[in-house]
Amino acid sequence: MLTKFETKSNRVKGLTFHPKRPWILASLHSGVIQLWDYRMGTLIDRFDEHEGPVRGVHFHSSQPLFVSGGDDYTIKVWNYKTHRCLFTLLGHLDYIRTVQFHHENPWIVSASDDQTIRIWNWQSRTCISVLTGHNHYVMCASFHPKDDLVVSASLDQTVRVWDIGSLRQKSVSPADDLLRLSQMNADLFGGVDAIVKYVLEGHDRGVNWASFHPTLPLIVSGADDRQIKLWRMNETKAWEVDTLRGHMNNVSSVMFHAKQDIIVSNSEDKSIRVWDATKRTGLQTFRREHDRFWILAVHPEMNLLAAGHDSGMIVFKLERERPAFALSGNSLYYAKDRFLRYYEFSTQRDSQVIPIRRPGTASLNQSPRTLSYSPTENAVLICSDLDGGSYELYIIPKDSIGRSDFVQEAKRGTGGSAVFIARNRFAVLEKSTNQVLVKNLKNEVVKKGTLPIPTDAIFYAGTGNLLCRSEDKVVIFDLQQRLVLGDLQTPFVRYVVWSNDMESVALLSKHNIIIASKKLVHQCTLHETIRVKSGAWDDNGVFIYTTLNHIKYCLPNGDSGIIRTLEVPIYITKVTANIIFCLDRDGKNRIITIDATEYIFKLSLMRKKYDHVMSMIRNSQLCGQAMIAYLQQKGFPEVALHFVEDERIRFNLALESGNISVAVASATQINDKDLWYRLGVEALRQGNSGIVEFAYQQTKNFERLSFLYLITGNLDKLSKLMKIAEVKNNVMGQFHNALYLGDVKERVKILENAGHLPLAYITASVHGLDDISERLATELGDNVPSLPEGKTPSLLMPPSPVMCGGDWPLLRVMKGIFEGGLESAARGGAVDEEEDVGGDWGEELDMVDMDGMENRDIEALLNEAEREEEEENDDGLGWGGLDDLELPPELDTPKVSANARSSVFVTPTLGMPVSHIWSQKSSLAAEQAAAGSFDTAMRLLHRQLGIKNFAPLKSKFLDLFSGSHSYLRAFSSSPVVPLAIERGWSESSSPNVRGPPALVFDFSQLEEKLKTGYKATTSGKFNEALRVFLSILHTIPLVVVESRREVDEVKELITIVKEYVLGLQMELKRREMKDDPVRQQELAAYFTHCNLQTPHLRLALLSAMGVCYKAKNIATASNFAKRLLETNPSLESQAKMARQVVQAAERNMTDETKLNYDFRNPFVICGSTYVPIYRGQKDVSCPYCTARFVPSQEGNICTVCDLAVIGADASGLLCSPSQVR
C-alpha cells in the first residue's frame, strides 16, 4: 500500500472522490462533512448542517454538487462552490445509510433503516419512486454504472437487484398520446416504477454492502458473516460464483477496483484486504492497530482508493504507476504489460522487444521498479520488489526488436538494487551485509566491497562509480579505488538524474530537488509543496521536472518557474529544444511541445548572453509583472524598461537604472509631487543640476531651489527667488535669500518692513549703513539698542561655490551591449562603430528631448506668482505694482549638460567596497578586523579560541583597521578618499583580483618582542617583562602567517610566553607577601617548575634556594641547589653557593615548615590559585594559552592570557590561509 494522504478526525462513515479534481469528501460520525485536497494535504471546506452522524455522501459527476444523508432522516444537496446547502429532501423515516447520484439522469438513490430505498429527482426536488421489499435495515443502495439497475444490501441477509427501466421511460416525455394514456392508467391502477429483478440469498447474517462491477455482469457483497460473496447475473437469473473468506469480523464495505481485476474489502477487524477477482484468492492485507474500518471509495478515473476508519481516513494506491525506463542515446527502453519495449525518439517508432516473465505471485507491487541498460552489450537489468528485492538480467538479441515472440530465460538474483557500472559489469546491493557485489554478464561475482555508509539503494554515477543512498545522505563511491568522491546531506532521495555531460546531477526526493555537481558539491535546492514526479536535463543545462500537476524548470542558479500545467501526471524521459518526450501512467509515449522562451531568456541573462536577450526582446511576447519583477530583482531594470507601458513602473525602473531622461518623461506624464521629489533626489545624486532645478520648480519647492542656486553659484536666479518671496509675502524666504546673496540693504529693508526696527538698526549700524541707521534711530527715539563695545564685526558673506553653474563632470563609459543592439534593431540596420549613436535604449523608449524640457523660467514663475497676488488683491491696495521694477535682462538658464544627454553615458554601478570583499573571502580573524568587520572577527576568535574578554584587543583591532587603509585628500569640500592596502601587491598583480589586506602585525615583530622580554627578565625588571609577554599573547590571535611550519612556530610561541607570564605573575605575587614566609617559599618553588630558558631557570632556582635556606627549610633548599648544579652554572659564585647549601643539608637534612610542594610527584601549576595540580588530579585548561586550572575556575576568564574563558569549547587557532585550504 502506498499511502498518499492521511487525516485524523472523528470516525469516517462516508467517502467520495471528485471525478476530476484532487478532492475527497469525508462524512463524519460527528455530523461534519469535510472537503480535503488530498494532493496538497489541506482541508478546503467543512459543512455542518446535519444533526447527528452523516453516513452517506457522493459527488455529482459533472455539476458542482454533492449529496449527503444522515441520522437526522434528511438528504441534503449542496453546492460546494457557493458553500451552502441548496435544499433538503424529506421522506425517509429512519437513519439514511447511503446516497448516490445517477451518472446520467437527475436522480439520487438513498437507502434507509426504514427498510426502503427511495429514488429522488434532484431537479424537481421530489421522490419519484419508493422501492419496498426488504424487511430489515437497508445498508446500501447504488445505481449500475451503465444499465437501469439498482443493487441493495440489507440486514435481512439478502442482496436485491431492482430493474428501474420503467422509471427512465416515465421520466422521458412520451411522444404520442396513446403512450401517455397507458402510462396514466398504469399510475392510476398502481403501476410500479421499479421491480425486483433478483433476490440473492446466501449470506448467513446481515449484508452490509453490495456493489456492481464497472463493466462485467458481476456483483460483490460483504456481510456480518465475515464473508465476501461474488455473484454473476444474466438477463434472467443471478447466482453465487464464489465466497472469499479471511476477514475476522463484520465486512463493512467491498468494491471492485476501477482499473485492475481485483476486489478490495475492509472490515471491523481493522484490516483492508485485496483479493484477486479471477483466481479469487487473497493478495494482500493491510492492518491498523486500533481502528475499525467502515467505508471504502474507489476513484472513478485514477488508481486511487480511500478507506474511512475510527479515527480518520487514508487515501492510498495499491501499486506504483511509474513505468521503469532507461535512456540510451536516441532511444528508450521501458517495461510495460510484461514486455520490454523500445522507443526511438527521432522516428517515434515504438516496438516490443522481449517478454519479461513475471512468476505468478500472490501479492501486488511485483512490476519492474528500475531498469538499467548497457548499450554495448545490449543487456538489460530489471529490478523489482519480488522476494524482498530481486533482479533479472536479459541479453537482447540484435535482431529481436520488433519481434516479440523471442523468449529468453533470464539470469536472476536477489538484491536491493542492481545497476550497470561498466560495459559488462553490474553492481548488486546486498542490504543485509551492506556490501556491493560486482558481477559479470554470466551473473558471476567478480568482486565484493563494503560500502562507506549504510546503503538502501545504489544508482549509476559514471563508469566504475556508484551513488549510494541512505536515509538522509548520498555519497559517490569509486569501486576501484574504494574512495568516497563526494557526499551530501539530503532528504530521502527517490530518483537520480544525470545531465548529458555527467557534470551535474539532480537528486529528486518527495518534495525537494537538489542540484549538485558530479562531486556532489551542492548548487541549489528547490522545495515543492506538491510531490515531484520526474525530471530530465535539456541541452542548455536547465533541469526540466514535473510535479503531479505542472511541468517546471530549474536554472543552474536555483531560479525556477512553471512551464505549463498538466491534466495527468507524466514521467519525462528526454527534453530536446522545446519538445518533451514522456511516458504516462499507462506506459504510453507522449510528446509535449512547450514554450521555452521564459527560461531561455532568464538563462541568457544569467550567462550574460546579451545578444540572445536582445533578439528575444525584439521577437518574443515576453511580458508581465513576474518578468519585470524578475529583471528588477536580478539587477537589470534597464532591460525591464522595455517591457513596460505603465508610466509609474517606467518611472521606478528608470530611477533604478539611473536613466534620468526616461524618468523625466514619465514624471511629466504623471505629474505627481512625490515623483518630482524622487526625481530631484536622483538627479542631485547624479549631479544633474538642471533636472534638479526643473523638479523643484515643478513642485514650487522654493527653499530647496534657493539652496540649489546658492551651491551652484546662480545668484541671478537667487535674486529673482527673493522677489517671488516678496510677492508671496514670505518674509522668512525673503530674508533667507537676502542672507544667501549677502545683500545687507535688502536684509535691513525686510526687517524694517516686518516691524523689527531694533534688529534693522543693529544690522545697518554694524554694516556701516549710516544714513539708514540714523533714520531708524530717529524712529526708535529712546529705544535705540546699544551695540557691544570693543568688538570688531566681520562681514557675513556666502562662500563662492567650487563649481559655478553647469552639471557635474560625468564619467564617459563604453556603450552597454543593450543600448547599441536595441537601437540598431529599432533602426533596422547595423551600427557603424565610428558613428556617435544616440539614446540610452534606442528609439523604442519614449524619451523626452531635454532641450524641449527647458527649465521653466523663473520669470514665468514670477509672473504666475504675481497673477495669484492680483487675484487675491482685487481691491487694488496691497503691495503696489512691481511693473516699474527695472530688473536686469535675464541670463539664459543652463541647459541640461551634454554629458547628461550623451548617448554614451551610463551611470556606473556602485562597486563593492574592498573591505566587503575581504570580509567575504576570509575566515581569519586578523583579516576580518582589518576589513572593519570587528563583530565577525570577535565571533571567529570566540569560536576558535574561546575568547570572551576583548578589552585588551580593542587597540589591536583599531591598529589593524587603520593600518590596512590609506586616505587621500581631495577637494576641500569633498570627503577623503579611502584606499585599501593589499598584502603582497606587485605591479604584475591583476587589477580585478583583490589581494588580502595588509596587516600591521607580523610574526617577526613577535620574535623581537620575545627577545626584549627575555632581556627584561634577565635584568630583573619583572613588571616590564610581564607587560611585554602579555602584549605578545594579545597579538598572536591577530597574526597571519603563510606556511604550516610557521603555524607550528606560532603555537610553540604561545606555550613559551604562557610559561613566562605564569612564572612572572607568581614571582610578583611572592614579592607582595612579606608577612607569609610559607607562601613565599611555595611560590618561589613553583616558579622553578615553569618551563623557562636555562639562564632564567638558574636565577629562579637560586632565588628559591635562598628563600628556603633563610626560612630553615634546609632539605628543600638542597633540592634546588642540586637542580642548580645539574644546569652547570657558568658563574662560579652561583655554583659555590649551591655546593655550600648541599653540604649544610648533608649535616642537617630537615625542614622547619611543611610546604604544599612535592618535587617527586610531577605537577602543573593552577594559573589562578597558584597551587600544584598533581598528576591524576582533575583540571581544566584555557582553550587559547593552554594554562591549567583547578576545576572550580571553569567559566572564569583565564588569568594568564586575560582573554579566553577557562574550559570553553574552541576549534583551535586559525592563523594561516594554508589551514583553511
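Up top is the structure.
Since the structure is predicted, the reported quantities are computational estimates derived from the model, not experimental observations.

### What to know about the packing of helix α9 (residues 673-686) against helix α10 (residues 689-698)
The contact between α9 and α10 brings their axes to 8 Å, and the two run at 160 degrees. With respect to α10, the axis of α9 lies roughly antiparallel. The interaxial crossing formed by α9 with α10 has left-handed handedness. Of α10, the residues touching α9 (which contributes Trp-676, Leu-679, Gly-680, Ala-683 and Leu-684) are Ile-691, Val-692, Phe-694, Ala-695, Tyr-696 and Gln-698. Considered class by class, the residues forming the contact of α9 with α10 number nine nonpolar, two polar and no charged.

### A look at the pattern of salt bridges
Scanning the model with the defined rule gives 42 salt bridges in all. The salt bridge involving Arg-292 is made with Asp-310; its shortest N-O contact spans 3.0 Å. In this pair, Arg-292 is assigned in the loop between β25 (281-287) and β26 (293-298) and Asp-310 in the loop between β27 (305-309) and β28 (312-317), connecting sequence segments 18 residues apart. For Arg-292, a relative accessible area of 28% gives the class partly exposed. The partner of Glu-503 in a salt bridge is Lys-518, with the nearest N and O atoms 3.2 Å apart. Linking Glu-503 in the loop between β45 (493-498) and β46 (504-509) with Lys-518 in the loop between β47 (512-517) and β48 (522-527), this pair joins segments that are 15 residues apart in sequence. Judged by its relative accessible area of 36%, Glu-503 is partly exposed. Each of Glu-6, Lys-8, Arg-288 and Asp-291 takes part in one network of salt bridges that share partners.

### Here we look at the pairing of β47
Counted residue by residue, β47 has six buried out of six residues, so it is predominantly covered. Two elements, β46 and β47, share five bridges in a ladder whose sense is antiparallel. Bridged to Leu-508 within β47 is Ile-513. Linking β46 to β47, which pair antiparallel, is a turn of two residues. As judged from the five bridges shared by β47 and β48, these two strands associate in the antiparallel manner. Note that in β48 the partner of Ala-516 across the bridge is His-522. Hairpin connection of β47 to β48: four residues between the antiparallel strands, including Leu-520 at a positive phi of 65 degrees.

### With respect to the sheet that holds strand β2 (residues 12-17)
Read across the sheet, four strands follow the order β2-β3-β4-β5 without closing on themselves; strand pairing throughout is antiparallel. At either end of the open sheet lies a strand with only one pairing partner, and these are β2 and β5 (42-47). The mean inter-strand angle of the sheet, taken between neighbouring strand axes irrespective of direction, is 20 degrees. Taken together, the five bridges between strand β4 (residues 33-37) and β5 define a ladder with antiparallel strand orientation. Bridging from a neighbouring strand, Asp-37 pairs with Thr-42 of β5.

### Quick look at the nonpolar core
Counting 89 residues, the largest nonpolar core has Phe-1029, Tyr-1184 and Cys-1185 as its most contacted members. The element best represented in this core is helix α26 (residues 1044-1072), accounting for 11 residues. Those residues in contact with Tyr-1184, other than ones at most four positions away along the chain, are Leu-945, Leu-1033, Ile-1036, Pro-1037, Ile-1054, Cys-1201, Leu-1203 and Ala-1204. With 65 residues, the next largest nonpolar core counts Leu-603, Val-662, Leu-705 and Tyr-740 among its residues.

### A look at the packing of aromatic side chains
Under the counting rule described, the total for this entry stands at 31 aromatic pairs. Arranged with centres 6.3 Å apart and planes meeting at 90 degrees, the rings of Phe-934 and Phe-961 form a pair that is edge-to-face. Taken as a pair, Phe-934 in helix α22 (residues 934-945) and Phe-961 in helix α23 (residues 954-963) lie far apart in primary sequence, 27 residues in all. Its relative accessible area of 24% is what places Phe-934 among the partly exposed residues.

### Concerning the environment of Ile-1165
Summarising the element assignment, Ile-1165 is placed in strand β58 (residues 1163-1165). Distance in space between the C-alpha atoms of Ile-1165 and Leu-1083 is 10.0 Å, their sequence separation being 82 residues. Not counting residues up to four positions away in its chain, the partners in contact with Ile-1165 are Leu-1062, Met-1066, Tyr-1086, His-1089, Cys-1090, Tyr-1170, Val-1171 and Arg-1188.

### Observations regarding a nonpolar patch on the surface
Side chains of Leu-968, Val-977 and Leu-979 sit close together on the surface and give an oily, nonpolar patch of about 230 Å² of accessible area. Following the sequence through the fold, Val-977 ends up in strand β57 (residues 977-980).

### Some thoughts on the pairing of strand β44 (residues 483-489)
As defined by bridge partners, strand β43 (residues 473-478) adjoins β44 across six bridges and the pair is classed as antiparallel. From the neighbouring strand, Lys-473 faces β44, where its bridge partner is Gln-489.

About the thresholds
- Each residue is numbered by its place in its chain's sequence as written, counting from 1.
- Given that the model is predicted, a residue must reach a pLDDT of at least 70 before its local features are reported, and side-chain atom pairs must reach 80 or more before they are shown or counted; all residues, however, enter totals for whole chains, interfaces and linings.
- Each side-chain value is worked out from all heavy atoms of the structure, with water and hydrogens disregarded.
- Note on geometry: axes are C-alpha line fits, over the in-contact stretch for helices, and angles between N-to-C directions span 0 to 180 degrees.
- Counting from the N terminus, the helices are DSSP H or I runs at least four residues long and the strands are E runs at least two residues long.
- Angle categories: roughly parallel below 35 degrees, roughly antiparallel above 145, roughly perpendicular from 65 to 115, and oblique for all the rest.
- The hand of a helix crossing depends on one turn: near helix anticlockwise from the far one by less than a right angle means left-handed, and clockwise means right-handed.
- Note on contacts: a residue pair is in contact if any heavy atoms of the two residues lie within 4.5 Å.
- When residue character is reported, Ala, Val, Leu, Ile, Met, Phe, Trp, Tyr, Cys and Pro are called nonpolar, Asp, Glu, Lys and Arg charged, and the others, Gly included, polar.
- Every case where a carboxyl oxygen of Asp or Glu lies within 4 Å of a side-chain nitrogen of Lys or Arg is listed as a salt bridge.
- A 1.4 Å probe rolled over the protein chains alone gives each residue an accessible area, and that area as a share of the maximum for its type sets the label: buried under 20%, exposed over 50%, partly exposed in between.
- Any two strands between which DSSP finds at least two bridges are classified as paired.
- Only buried Ala, Val, Leu, Ile, Met, Phe, Trp, Tyr and Cys residues count toward a nonpolar core, and they belong to the same one when joined by side-chain atoms within 4.5 Å.
- Ring geometry is summarised as follows: Phe, Tyr and Trp rings, the Trp one being its six-membered ring, pair when their centres sit within 6.5 Å, and such pairs are stacked at plane angles under 30 degrees, edge-to-face over 60 and tilted between the two.
- Only residues above 30% relative accessible area that lack a salt bridge enter a patch, with like-charged residues linked at up to 9 Å and the nonpolar side chains Val, Leu, Ile, Met, Phe, Trp and Tyr linked at up to 5 Å.
- Methods summary: accessible areas were calculated by the Shrake-Rupley approach with a probe of 1.4 Å, and residue burial reflects only the protein chains presented.

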